[in-house]
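# Residue-level structural notes
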Amino acid sequence: QVQLVESGGGLVQAGGSLRLSCVASGSTSGIQYVGWYRQPPGREREFVAYISTGGRTEYGSSVNGRFAISRDSAKNTVYLQMNNLKPEDTAIYYCNAVVTTYTSWGQGTQVTVSS
């Protein structure tokens, strides 16, 4: 099984930046994609970004151009650089790994953007 641990959340003012980290452990050789999702207060979980083992990236329309996903394979870590943050980016951010036969989720990290 793959275990995921997120970190880097916090409180930031609008226009600021944060970098989230997702560290994978366990059977990481089977990971095909690692992505970020978020769940704003009172709303459904939504897609933010993903990166494949081949380096392909994809972004949700609400974050495209402001967020960037990257990885450090040697550290089994995927990052989400978030720039020009807006109050509507406030959410719990979850890391997700698509493995060969299942998906794994982290516990989430809270991001709060004040206006």
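Okay, so let's go over this structure. Predicted, not measured: the structure shown is a model, and the values here were computed from it.

What counts and how
- Residues numbered from 1 in each chain as written.
- Predicted model: local features only at pLDDT ≥ 70, side-chain atom pairs only at ≥ 80, totals over all residues.
- Heavy atoms only, no water.
- Helix = DSSP H or I, 4+ residues; strand = E, 2+ residues; numbered from the N terminus.
- Contact = heavy atoms within 4.5 Å.
- Pairing = 2+ DSSP bridges.
- Buried < 20%, exposed > 50% of the residue type's maximum accessible area, 1.4 Å probe, protein only.
- Disulfide = S-S within 2.5 Å.
- Polar contact = N/O pair within 3.5 Å; in protein donor to acceptor, adjacent residues only side chain to side chain.

For the rest of this paragraph, the subject is the environment of Ser 115. Mapped onto the secondary structure, Ser 115 falls in the segment after β11 (109–114). Considered as a pair, Ser 115 and Glu 88 are 27 residues apart in the sequence and their alpha carbons are 9.6 Å apart. With residues up to four places along the chain from it excluded, the contact list for Ser 115 reads Ala 14 and Pro 87.

Two strands pair when backbone bridges link them, and strand β7 (residues 67–72) and strand β8 (residues 77–82) are joined in this way by 6 bridges, in the antiparallel orientation. The residue bridging Ile 69 from the neighbouring strand is Leu 80, located in β8. Counting the residues between successive antiparallel strands, the hairpin from β7 to β8 contains 4 residues, one of them, Asn 76, with a positive phi of roughly 50 degrees.

We now examine unusual backbone geometry. The backbone phi angle of Asn 76 is positive, close to 50 degrees, even though this residue is not glycine. Following the sequence through the fold, Asn 76 ends up in the loop between β7 and β8. You will see that Asn 84, though not glycine, has its phi angle at about 50 degrees, which is positive. Within the secondary structure layout, Asn 84 lies in the loop between β8 and β9 (91–99). When its relative accessible area of 43% is taken as the criterion, Asn 84 is described as partly exposed.

Before going further, it helps to examine the state of the cysteines. Taken as a whole and judged by the stated rule, the model has 1 disulfide. The disulfide bridge from Cys 22 ends at Cys 95, spanning 2.0 Å between sulfur atoms. One quick way to see it: the torsion about the S-S bond of Cys 22 and Cys 95 is about -80 degrees, and its sign makes the bridge left-handed. Remark: Cys 95 occurs in strand β9 and Cys 22 occurs in strand β3 (residues 18–26); sequence separation between them is 73 residues.

This part is about the side chain of Arg 38. Here Arg 38 lies in strand β4 (residues 31–39). Judged by its relative accessible area of 3%, Arg 38 falls in the buried class. A polar contact of 2.9 Å, which involves the side chain of Arg 38, links it to the side chain of Asp 89. Dropping the residues within four chain positions of it, Arg 38 is found in contact with Glu 44, Arg 45, Glu 46, Val 48, Ser 62, Val 63, Phe 67, Glu 88, Asp 89, Ala 91, Ile 92 and Tyr 93.

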